[in-house]
Amino acid sequence: MKYIIKLLCLFSFINIVWAENISVGFIYKQPPEEAFYLYDWLVVDPDNFSFEKLNEKFYIKNKKSKLFAYVSIGEIEPYRSYYKDIKKEWILGENKDWKTYIADLRNKGYMEFLINNVMSKLEKYDGFFFDTVDSYQAVLKKPEEIKAYQESIISFINEVKSKYSTKKIILNRGFEVVPYVKDKIDAVVAESLFYGLDTKSMYYKKQKEEEDRNWLLNQLSKIKELGLKVIVIDYVNPKDKKLQKEVAKKIYQYGFIPYVTDKFLQTLGTSIYQIIPRKILIPYNSSKTDPSYNEVHQNFQVFLEYLGFVPVLVDIKEIPKNYIGDEYAGVIVNLQPEEFSKEILAWIENQIKDGLKVFFLTLPYDEDFLSNVLKLKNIGTLSLFEKVDYKTYDYKYFEIKPENFGSIQKIVPFGNYKPVLSIYVGNKEFFPFAITDWGGYALENTFLFAGLDPALFVFNPVEIFKDVFKPSFPIPDVTTENGKRILISHIDGDAFFGVADFNPQKNLGEIIRDEILKVYKIPHTISIIEGEISPNGLYPDKSKNLESIAKSIFQLENVEPASHSFSHPYKWILLYEYFKHKDRNSYKEGIYNLNIKDYKFSLEREITDSIDYIDKNLLPPGKKVKVFLWTGDCVPPQEAIKLTYKYGIYNVNGGNTEISSKFPYFSLISSMGVNKGEYFQIYAPIQNENIYTDLWTYYNGYLNVISTFKLTDKPYRFKPLNIYYHFYSGQKISSLQALKEVYNYAISQDNNPMFLSEYAQRVLEFRNTVIAKDLVDNFVIRSEGNLKTVRFDKDIDIDIFKSEGILGYKKINNSIYVHLSNEGNSKIILSNEIPKFLLIDSNGQIVSYKKENDKIYFKLKSYLPLNFKILNKNCEVIVDPNKNYEIVKEKDIYEYKFKKEKEVNVEAYCKS
């Protein structure tokens with residue numbers, strides 16, 4: 001007892017930095033993508049985990065997590081796939097609380113079965129988590145039996161390590177055997193140090209005798225002294241995130257690695273980081289429309305993304321039944337009256353109770369739900385003949401003032417609310433648009449007036465959603481890198497076979513190659529349509545020449561190859577449904593795709609086979625197709641997107657960003673893309689010349705895209721620069737000249753050029769990047785390391801040397817754009833002072849980074865001669881190579897302009 005009291009006195013003074021800086025998670029369902037970045041070690045249940053699903057996420061290449069397979073060695077669970085092979089003599093007794101059987105590891109047959117049958121199927125994992133190690137203690141009481149069992153555990157671990165020598169091993173308890181296997185295992189787990197579960201799986205604060213806890217602390221301290229990691233799992237209701245964090249911090253202060261989670265180990269629990277949920281769930285009815293045409297997706301999604309949220313469309317038939325507040329911050333509801341079933345209303349009520357913000361674009365008619373859940377009273381319906389006066393409160397009208405709403409409900413809130421718009425009918429005031437403590441609502445035409453084409457916003461959606469969902473985290477940003485606007489260019493393959501009107505001797509592929517690609521050295525993603533240039537396509541007699549031109553283009557250093565399909569489908573879903581169901585009434589030859597002789601449509605032929613054709617016939621060594629560009633309506637079925645995932649290439653195109661000086665309206669800005677199930681279609685950031693030329697009527701119309709570039713940059717930077725067109729832009733003198741003027745404008749801007757595949761990777765990372773806080777409330781960003789910008793929409797300064805993975809920041813449009821390293825593991829330490837050194841901007845990407853005390857080293861790499869700008873207040877800065885550049889200095893700002901070099905090393909040493 002004296003030793004224990006002494007130990008407790010020691011623990012009471014332990015500093016938080018004594019604990020291991022490793023994040024550990026246990027999730028016994030297929031984890032969301034964020035989990036692979038949130039946790040350094042992630043324990044999963046092999047029966048509920050699919051490597052096939054993980055491998056489909058081809059863009060997850062540098063996950064942070066080492067994966068551990070859960071293996072129950074002391075108990076046998078009837079639901080396991082191998083249960084049918086369990087023999088009766090391997091069973092010692094029963095655990096009635098968990099409805100499992102206690103196994104006899106002393107039995108050689110059982111031990112061999114575990115090693116040779118169970119664990120042989122787990123070789124893809126980085127390690128094993130052995131659970132139920134101590135279960136034998138419930139049935140064995142004789143000392144000699146207990147000793148024999150413990151010797152069997154030791155023997156089992158030794159054999160496992162002998163056969164699987166590279167695997168890490170975690171034990172759940174087994175304190176008595178740990179000293180004998182300390183060189184074979186890597187960590188020990190103990191559960192319920194402060195908060196646990198009772199026999200009915202209810203959460204409770206442990207009220208055991210202090211001596212019991214002290215005993216456990218003593219055991220864990222001995223394990224730490226052996227050089228092993230100690231992981232403590234406590235159980236706290238996931239809805240109580242504050243308590244979860246407090247418990248994790250308390251465990252951490254004792255020098256142990258914490259994991260505080262729910263009773264079923266299904267959520268993203270708190271380790272040394274607590275994730276900030278960013279997803280917004282958008283229910284939709286798949287039986288009525290494809291997600292591409294969903295109104296919330298089309299009109300509102302981009303503004304949620306701008307604020308850092310990740311919109312996820314979910315079919316109302318597949319609404320998650322369990323707690324989702326670990327991943328989701330809110331819900332946007334836009335359902336038809338008949339879709340507000342009792343089940344959906346109960347689900348919405350649960351989300352509100354769980355603390356998610358719910359925003360309604362349509363309200364149900366259910367009076368009990370309105371009154372009891374939303375604290376709203378429906379007085380009746382507004383008549384077309386009633387005279388209405390409008391009043392705004394803290395918000396200004398945006399693109400249009402409200403007009404006659406038609407028949408909408410007269411709503412009066414009686415809970416906590418902030419009115420956005422009210423209507424006066426006679427001397428009575430009603431509130432069709434309000435923000436509430438549970439979220440808010442906006443009745444028809446009060447937020448977005450849909451009666452016009454294009455639709456117009458009555459109020460600024462950025463400001464509204466900021467007030468509803470209250471983002472309070474650094475926002476991942478795909479428009480900017482190292483303080484400069486991302487610039488991408490891609491070409492759809494249409495009309496590659498054509499000739500120029502002004503020079504019929506030249507093919508359009510040659511015109512674009514010679515007039516554009518060789519002149520403007522920025523990265524380009526170039527696609528061809530196989531059915532237009534291959535021998536088995538439309539023009540077999542021209543194929544040899546066309547393939548030769550395509551080869552000459554793909555050999556260019558600044559060209560990335562892409563496929564634009566085999567037959568250029570115009571209506572993807574109609575074609576797919578026709579050939580799937582043979583619905584001949586909906587199909588006509590040559591109407592829905594190119595009329596290629598004897599061709600029968602298939603997704604494989606359009607996507608994977610066209611990619612193979614380009615890879616095998618048109619590309620130089622070392623190049624492969626990286627992108628598939630959607631054709632026609634750019635509305636593929638989910639099965640088509642899935643094919644691109646399985647093939648490991650990015651899929652891009654679609655969207656309708658065509659805001660311009662002619663139509664300067666926010667509804668003409670589209671989102672980053674659309675999810676169809678678990679697969680994501682990435683939209684082209686800005687539309688192509690076919691739209692700006694009014695379907696190829698005004699040949700120089702593409703000049704109008706310059707106004708799109710400007711309107712998607714200020715006052716909000718919604719989009720990167722995107723030069724997107726077809727080969728037929730080389731057909732007319734006026735269209736080619738317009739294209740050149742667009743290029744000249746784009747490259748004159750502060751830009752950071754990259755390939756379309758690199759932008760696509762950043763979009764996918766936007767959706768799975770972890771934004772978290774550590775246990776002392778610093779922001780942590782964990783990802784693949786390709787998305788290298790986060791944004792604060794307020795003035796901040798950052799301590800570059802105390803932070804991790806931060807190189808600098810720059811103010812753009814009243815926001816601070818922070819430059820992250822390529823490591824995908826950054827920590828932001830805010831400061832009250834401007835640092836002595838920082839990277840302000842660059843046209844290159846960070847490809848390596850290192851920080852040691854007062855030194856920072858990084859390498860920049862660009863597709864063009866490098867330029868970068870730094871702030872330097874009396875720091876020693878070394879730039880290598882140290883020639884072929886000029887320096888422009890203004891006060892403490894130095895701009896380096898290289899003439900040739902595309903790779904530069906920078907080292908800064910700033911004395912404390």
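Residues numbered from 1 in each chain as written. Predicted model: local features only at pLDDT ≥ 70, side-chain atom pairs only at ≥ 80, totals over all residues. Heavy atoms only, no water.

Colleague: Could you clarify how one ought to interpret the overall build of the chain in this entry?
Modeller: Scanning the chain from terminus to terminus reveals 23 helices and 55 strands. Over its C-alpha atoms the chain spans a radius of gyration of 31 Å, differing by no more than 12% from the 29 Å that the globule rule assigns to 912 residues. With the C-alpha coordinates of the chain rotated into their principal frame, the extents come out at 95 × 75 × 70 Å. Counting over 912 residues, the chain shows a buried share of 60%. Taking as baseline every contact in the chain between residues at least 6 positions apart, the subset at least 24 positions apart corresponds to 72%. For the chain, the exposed surface amounts to about 38,100 Å²; the carbon and sulfur share of it is 48%. Of the charged side chains in the chain, 121 are positive and 120 negative; the average position of the first set lies 3 Å away from that of the second. (Helix = DSSP H or I, 4+ residues; strand = E, 2+ residues; numbered from the N terminus. Rg over C-alpha atoms; globule rule 2.2 N^0.38 Å. Buried < 20%, exposed > 50% of the residue type's maximum accessible area, 1.4 Å probe, protein only. Contact = heavy atoms within 4.5 Å. Areas by Shrake-Rupley, 256 points an atom, 1.4 Å probe, with all protein chains shown as cover. Lys, Arg positive; Asp, Glu negative; His and termini not counted. Charge placed at Lys NZ, Arg CZ, Asp CG, Glu CD.)

Colleague: So what exactly am I meant to see when it comes to the confidence of the model for the chain here?
Modeller: Caution applies to low-pLDDT parts of the model: their predicted coordinates are not meant to be read in detail. Of the residues in the chain, 96% reach a pLDDT of 70 or more, and the chain-wide mean stands at 94. Low pLDDT (under 50) marks residues 1–18, which in the prediction has 27 contacts with non-local residues, meaning those over four places away or in another chain. (pLDDT = per-residue confidence, 0-100.)

Colleague: What's the story with the environment of Pro-283 in this structure? I'm lost.
Modeller: Tracing the backbone shows Pro-283 in strand 15 (residues 279–284). Exposure remark for Pro-283: the relative accessible area of 5% places this residue in the buried category. In the structure, Pro-283 is positioned 40 residues away from Leu-243 in sequence and 30 Å away in space, judged by C-alpha atoms. Excluding residues within four positions of it along the chain, Pro-283 makes contact with Asn-294, Val-314, Ile-316, Ile-319, Val-331, Ile-332 and Leu-335.

Colleague: Mind showing me how you'd approach the packing of aromatic side chains here?
Modeller: Any aromatic ring pair is given by two values, namely how distant the centres are and how the planes are angled relative to each other. The full count for this structure, using the stated rule, is 74 aromatic pairs. Their ring planes at 50° and their centres at 4.9 Å tell us that Tyr-885 and Phe-898 sit as a pair that is tilted. Of the two residues, Tyr-885 sits in strand 53 (residues 885–890) while Phe-898 sits in strand 54 (residues 893–898), which places them 13 residues apart along the sequence. By relative accessible area, which is 24% here, Tyr-885 ends up partly exposed. Over the ring of Phe-766 we find Arg-278, and its NZ or CZ is 5.3 Å from the ring centre. Sitting over the ring of Tyr-909, Lys-855 keeps its end group 5.6 Å from the ring centre. (Phe/Tyr/Trp six-rings, centres within 6.5 Å; stacked < 30°, edge-to-face > 60°. Lys NZ or Arg CZ within 6 Å of the ring centre and 35° of its normal.)

Colleague: Can you help me understand the nonpolar core in this one?
Modeller: Note that soluble globular proteins tend to have their nonpolar side chains buried in a common cluster. One finds Phe-26, Phe-130, Phe-156 and Phe-360 to be the most contacted residues of the largest nonpolar core, which totals 225 residues. The residues touching Phe-130, leaving out its near neighbours within four places in the chain, are Val-71, Ile-73, Met-119, Phe-156, Val-160, Ile-169, Ile-170, Leu-171 and Asn-172. Ile-435, Val-462, Ile-798 and Cys-875 belong to the second largest nonpolar core, which has 84 residues in total. (Core = buried A, V, L, I, M, F, W, Y, C linked by side-chain atoms within 4.5 Å.)

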